[in-house]
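Chain and residue survey
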Amino acid sequence: MSKLCIQGDTRLVGDVKISGAKNAAVAILPATILVEGITIIENLPNINDVAILNEAIISMGAVTKFLDLHTLEIDATTIYKYSATEPCISKMRASYYLLGALLGRFKKAEVAMPGGCDFGGRPIDQHIKGFRALGANIEIEDNIIKINADRLIGTRIYLDMVSVGATINIMLAAVLAEGTTTIENAAKEPHIVDVANFLNKMGAKIIGAGTDVIRIKGVSKLHGGHYNIVPDQIEAGTFMLIAAATKGDICVRNIIPEHMDSLTSKLREIGVTLIEGDDYIRVIWKQKLTATQIITLPYPGFPTDLQPQMLVSLLQAQGVSTIVESIFDNRFQYVDELRKMGANITIDGTKASIEGVDTLYGANLVATDLRAGAAMIIAGLVAKGTTTIDNVRYIDRGYEDIEKKLTALGAQIFRID
Ligand code: UD1
């Protein structure tokens with residue numbers, strides 16, 4: 001098991017190139033199951049979640065080949081299996097997209113119950129409600145979700161809450177269905193638009209992605225083609241917050257600045273200087289940060305996936321900040337680790353009060369999930385002394401070459417195997 005070791009109290013300066021979006025990649029790979037022909041996916045992030053999904057579709061019969069580190073050619077026409085029940089499947093959240101894709105293609109799917117980061121209960125009732133509305137029967141036996149349908153027929157589906165996963169999964173199941181499916185109260189995240197763009201490029205008829213009503217007119221088949229994945233909004237935000245927290249000056253490149261609006265407006269509010277270009281944002285620390293209030297919300301609100309990294313940055317602010325986590329009911333478990341470093345954080349239900357401190361001190365930490373792991377890296381970069389972070393596998397699930405990118409910015413970070 002590897003650990004990260006960080007020698008902190010370093011100002012990070014330089015340029016960083018952001019990889020393709022993890023949350024788009026983990027949906028687009030399963031989406032290729034629906035395609036008859038060869039798909040070439042470019043700008044795929046080189047992360048563990050992508051490797052697991054690639055293995056999963058190979059084990060179902062697809063033929064895949066990496067043309068380079070970030071370009072994968074997939075021929076899914078040879079897929080013959082509609083089940084994915086291996087233990088690695090149940091360890092990741094995004095394996096739920098195999099349900100929608102297999103259902104769309106075979107009218108049958110058997111997939112292990114999804115796992116992933118533990119933020120309290122993460123039900124998939126809205127996914128199931130959507131599949132049922134399209135005409136599927138669903139049973140859960142021995143932690144395996146079993147779905148079958150004679151026909152899938154388009155209908156109107158209103159999501160009880162805004163769900164990224166349910167929105168994409170219903171799109172996947174509906175692209176080859178008969179008639180038109182309308183998803184109301186849909187999620188609007190950039191990766192939802194990206195998955196819809198991918199499917200449309202392969203011949204689907206989806207309109208409205210990026211708004212809260214998405215209409216999917218069923219087509220008889222999807223054809224192959226090339227697709228380039230959007231940049232990762234959360235990786236970009238993580239590096240922007242690294243600049244703010246380490247009193248640094250980082251140019252975050254290869255991004256879509258509009259995707260970062262909720263973060264850029266907060267950073268400006270707390271005193272960070274930002275320079276925006278067409279595909280970059282330069283983040284410059286010039287003065288002590290000021291405290292603020294944040295509530296996490298579905299896009300275009302402040303993303304829950306940047307909540308831990310923002311919290312660590314606010315430890316560098318003057319005064320007391322608050323963050324209300326409104327998406328997940330238990331996403332502050334990592335705070336206990338930060339307390340080992342001298343952080344003064346009070347949790348009251350879904351609200352964290354964060355008091356700025358003069359100094360954080362290096363400590364031995366354990367990553368509790370992917371984004372919390374990223375937040376611990378930021379804390380380690382800021383802290384005096386040495387920080388170690390255990391459970392790096394969580395971080396590897398979603399950040400490509402994290403040590404390499406940080407080292408290029410001047411960080412002293414090493415992996416110990
Ligand atoms: C996705 C992202 C994750 C991000 C989250 C919120 C992927 C692979 N993961 O997760 O990184 O943190 O969006 O932006 O893209 N809910 C239900 N029933 C459902 C579905 C969701 O009650 O059927 C609830 C969830 O428990 C949560 C909220 O709705 O409270 C939002 O969840 P959702 O948007 O579905 O998140 P995920 O798809 O799991």
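Residues numbered from 1 in each chain as written. Predicted model: local features only at pLDDT ≥ 70, side-chain atom pairs only at ≥ 80, totals over all residues. Heavy atoms only, no water.

Let us now look at the overall build of the chain. On a plain count of helices and strands, the chain comes out with 14 helices and 26 strands. Once the C-alpha set of the chain is aligned to its principal axes, its extents read approximately 65 × 45 × 40 Å. Per-residue burial for the chain yields a buried fraction of 58% across its 417 residues. Contacts in the chain between residues at least 24 apart in sequence constitute 71% of all its contacts with a sequence separation of at least 6. Roughly 15,700 Å² of accessible area belongs to the chain as shown, and the carbon and sulfur atoms make up 49% of that amount. Charge-centre separation for the chain: the mean point of 41 positive side chains lies 2 Å from the mean point of 47 negative side chains. (Helix = DSSP H or I, 4+ residues; strand = E, 2+ residues; numbered from the N terminus. Buried < 20%, exposed > 50% of the residue type's maximum accessible area, 1.4 Å probe, protein only. Contact = heavy atoms within 4.5 Å. Areas by Shrake-Rupley, 256 points an atom, 1.4 Å probe, with all protein chains shown as cover. Lys, Arg positive; Asp, Glu negative; His and termini not counted. Charge placed at Lys NZ, Arg CZ, Asp CG, Glu CD.)

Right, let's get into the site of the ligand. The environment of the ligand is made up of 21 residues, and the closest members are Tyr-96, Gln-126, Ser-163, Asp-305 and Ile-327. Burial of the ligand by the protein amounts to 88% of the accessible area it has alone, namely 740 Å². Broken down by secondary-structure element, the contributors of at least two residues to the shell around the ligand are helix H4 (96-106), helix H5 (125-133) and helix H6 (164-174). Per-class residue counts for the shell around the ligand are 9 nonpolar, 7 polar and 5 charged. Counting contributing residues, the shell around the ligand receives three or more from each of domain 1 (3-19 + 231-416) and domain 2 (22-228). (Near = heavy atom within 4 Å. Nonpolar A, V, L, I, M, F, W, Y, C, P; charged D, E, K, R; others polar. Domains from an automatic or database assignment.)

Within this structure, the stated rule accounts for 4 aromatic pairs. Their ring planes at 50° and their centres at 6.4 Å tell us that Tyr-82 and Phe-106 sit as a pair that is tilted. Taken together, the positions of Tyr-82 in the loop between strand S5 (71-75) and strand S6 (83-84) and Phe-106 in helix H4 put the pair 24 residues apart, joining distant regions of the chain. For Tyr-82, a relative accessible area of 29% gives the class partly exposed. Take Phe-106: its relative accessible area is 25%, and that puts it in the partly exposed class. Look at Phe-198 and Tyr-227: their rings are 5.7 Å apart centre to centre, the planes differ by 80°, and that puts the pair in the edge-to-face class. Placement of Phe-198 in helix H7 (residues 190-201) and of Tyr-227 in strand S14 (residues 222-228) is noted, with a sequence separation of 29 residues between them. Each member of the pair, Phe-198 together with Tyr-227, is buried. Over the face of the ring belonging to Tyr-394 we find Arg-393, whose NZ or CZ atom lies 4.8 Å from the ring centre. (Phe/Tyr/Trp six-rings, centres within 6.5 Å; stacked < 30°, edge-to-face > 60°. Lys NZ or Arg CZ within 6 Å of the ring centre and 35° of its normal.)

Taken in spatial order, the 4 strands of this open sheet run S2-S15-S17-S16, and their pairing is mixed. On the outer flanks of this sheet lie strand S2 (13-17) and strand S16 (273-276), each paired with one strand and no other. Sheet twist, expressed as the average angle between the axes of neighbouring strands with direction ignored, equals 15°. In terms of strand pairing, strand S15 (residues 249-253) meets strand S17 (residues 280-284) through 5 bridges, oriented antiparallel. Note on S17: the bridge partner recorded for Cys-251 is Arg-282. This element, helix H8 (residues 233-245), spans S2, S15 and S17 of the sheet and lies at about 170° to S15. Most of the contacts of helix H9 (residues 261-269) go to S16, to which it runs at about 145°, and overall it touches S16 and S17. (Pairing = 2+ DSSP bridges. Axes fitted to C-alpha atoms, helices over the stretch in contact; angles between N-to-C directions.)

Inspection of H5 places Gln-126, His-127, Ile-128, Gly-130 and Phe-131 among the buried residues, and these make up the whole buried set. Next to the buried residues of H5 lie H4, strand S8 (137-141), strand S9 (144-148), strand S10 (156-158) and H6.

Generally speaking, nonpolar side chains in soluble globular proteins are found buried as a group. Of all hydrophobic cores here, the largest spans 78 residues; its most connected members are Leu-98, Met-171, Leu-199 and Leu-222. With residues near it in sequence (within four places) discarded, Leu-98 still touches Pro-30, Ile-33, Leu-53, Ala-56, Ile-57, Met-60, Ala-84, Ile-89, Leu-103 and Val-111. Residues Ala-245, Leu-306, Ala-374 and Ile-413 belong to the second largest nonpolar core, which totals 70 residues. (Core = buried A, V, L, I, M, F, W, Y, C linked by side-chain atoms within 4.5 Å.)

According to the domain assignment, the chain contains domain 1 (3-19 + 231-416) and domain 2 (22-228). On a C-alpha basis, the centroid separation for the pair domain 1 and domain 2 is 30 Å. Between domain 1 and domain 2, the contact holds 22 residues from the first and 21 residues from the second. Summed over both sides, the interface between domain 1 and domain 2 buries roughly 1,900 Å², with carbon and sulfur atoms accounting for 52% of that surface. (Buried area = accessible area lost by both parts, 1.4 Å probe.)

So, about the packing of H6 against H7. Orientation of H6 relative to H7, taken along the N-to-C sense of each, is 10°, at an axis distance of 10 Å. As judged from the angle between their axes, H6 and H7 are roughly parallel. Two secondary-structure elements touch here, H6 through Val-164, Thr-167, Ile-168, Met-171 and Leu-172 and H7 through His-191, Ile-192, Val-195, Ala-196 and Leu-199. A per-class count over the contact of H6 with H7 returns 8 nonpolar, 2 polar and no charged. (Parallel < 35°, antiparallel > 145°, perpendicular 65-115°, else oblique.)

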